[in-house]
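# Coordinate inspection notes
What follows is each chain in one-letter form.
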Amino acid sequence: MEIKVGRYRLRPFRRGDEPSIAENINDRKIERYTLNIPHPYGLKEARQWVDFNRRLARDPKATQVNFAIDLDGRVIGGLGMFRMNGHSAEIGYWLGVKYWGQGIVPRAVKALTRYAMKALGLRRVYAKVFPVNKASARVLEKCGYKYEGRMVKADVKHGRPVDALLFARTR
Ligand SMILES: CC(C)(COP(=O)(O)OP(=O)(O)OC[C@H]1O[C@@H](n2cnc3c(N)ncnc32)[C@H](O)[C@@H]1OP(=O)(O)O)[C@@H](O)C(=O)NCCC(=O)NCCS
C-alpha cells in the first residue's frame, strides 16, 4: 500500500532504508517525545525495525501497520497505526528534525486518517501526546482531531509515570 502526499510518499519500510532511518531518527528531540523510539538509534535498531515491519506485512492477524515518509527514496520520517481492531486505531508519528515546521506530518496524518476511515472503515482514530509536546498537539488539531482529556499516569517514560493528552477524530 502506498499513499502519495505532495512530494512525499507513505510506503512500507523495506531493506535498504536502514541508513536514512538511523540518520533521521537518531535524535534526543525525537526520543524525548515518543514512547518506543530509543536513543541512540543506529543501524542495528533500524534493521530490527525494518525486519519487524516485514514480518508484520506477512501476518494476516497484524493489528499494526507502519509507513515510511519517503522523500526521493529516503526515509525522512514515519507514521503508523496500532491497536487496530476494525473499529478504531491509535496513530503515532515522527519526523527528522531538519524537516520540522514545513507541514509534512500534518499532511501525512490527514492522508493516513482518510485511509483509515475510507478504506478501512474505522470510526475512530486517536493519538496520545505528552503534555509538553505542543507541536504534536498542534499537528492533531490541524488534522481535525479533538482534544478529549488528560489521561493521568497513562504511560511510563524513563521509569516514571507520565500523563498523556488524548486526541481523536471520529466519523
Ligand atoms: C510533532 C512532529 C511530528 C511535527 O511534525 P511537523 O511536520 O514539523 O509539523 P508542523 O510542520 O505542523 O509543525 C508543528 C506545528 O506546531 C507548532 N509548534 C511547534 N512547537 C511549538 C510550541 N513549542 N508551542 C506551540 N506550538 C508549537 C508549529 O508552529 C506548527 O504549527 P503551525 O503550522 O500552526 O505554525 C515533529 O515535531 C516530531 O517528529 N517530533 C518528535 C516526535 C513526536 O513528537 N512524535 C509524536 C508523538 S505523540
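Above this text sits the structure in question.
Report on the accompanying structure. Model, not experiment: these values are computed from the prediction.

## Some thoughts on the nonpolar core
- Ile 69, Leu 79, Ile 91, Tyr 93, Ala 108, Val 109 and Leu 112 are the most contacted members of the largest nonpolar core, which totals 38 residues.
- If we ignore the near neighbours within four places in the chain, the residues touching Leu 79 are Phe 67, Ile 69, Ile 91, Gly 92, Tyr 93, Ala 108, Val 109 and Leu 112.

## Quick word on the pairing of strand S4 (residues 74-82)
- Extensive coverage of S4 is indicated by the burial of 7 of its 9 residues.
- Bridge count between strand S3 (residues 65-71) and S4: 7 bridges; the pairing is antiparallel. Its bridge partner being in S4, Ala 68 is matched across the sheet by Gly 78.
- In this antiparallel pair of consecutive strands, S3 and S4, the connection spans 2 residues, and Asp 72 shows a positive phi of 50°.
- Examined bridge by bridge, S4 and strand S5 (residues 88-95) share 6 bridges and lie antiparallel to one another. Paired with Leu 79 across the two strands is Tyr 93, which belongs to S5.
- The turn joining S4 and S5, which pair antiparallel and follow one another in sequence, is formed by 5 residues; a positive phi near 55° is taken by Arg 83.

## Let's talk about the site of the ligand
- Lining the immediate surroundings of the ligand are 22 residues, of which Tyr 33, Val 105, Lys 134, Ala 135 and Arg 138 lie closest.
- If you list the elements that add at least two residues to the shell around the ligand, you get S5, helix H4 (104-119), strand S6 (124-129) and helix H5 (134-142).
- If you tally residues by element for the shell around the ligand, the top one is H5, at 5 residues.
- Among the residues making up the shell around the ligand, the classes are represented as 13 nonpolar, 7 polar and 2 charged.

Calculation rules
- Residues numbered from 1 in each chain as written.
- Predicted model: local features only at pLDDT ≥ 70, side-chain atom pairs only at ≥ 80, totals over all residues.
- Core = buried A, V, L, I, M, F, W, Y, C linked by C-beta atoms within 7 Å.
- Buried ≥ 20, exposed ≤ 12 C-beta atoms within 10 Å, placed from the backbone.
- Contact = placed C-beta atoms within 7 Å.
- Helix = DSSP H or I, 4+ residues; strand = E, 2+ residues; numbered from the N terminus.
- Pairing = 2+ DSSP bridges.
- Near = placed C-beta within 6 Å.
- Nonpolar A, V, L, I, M, F, W, Y, C, P; charged D, E, K, R; others polar.

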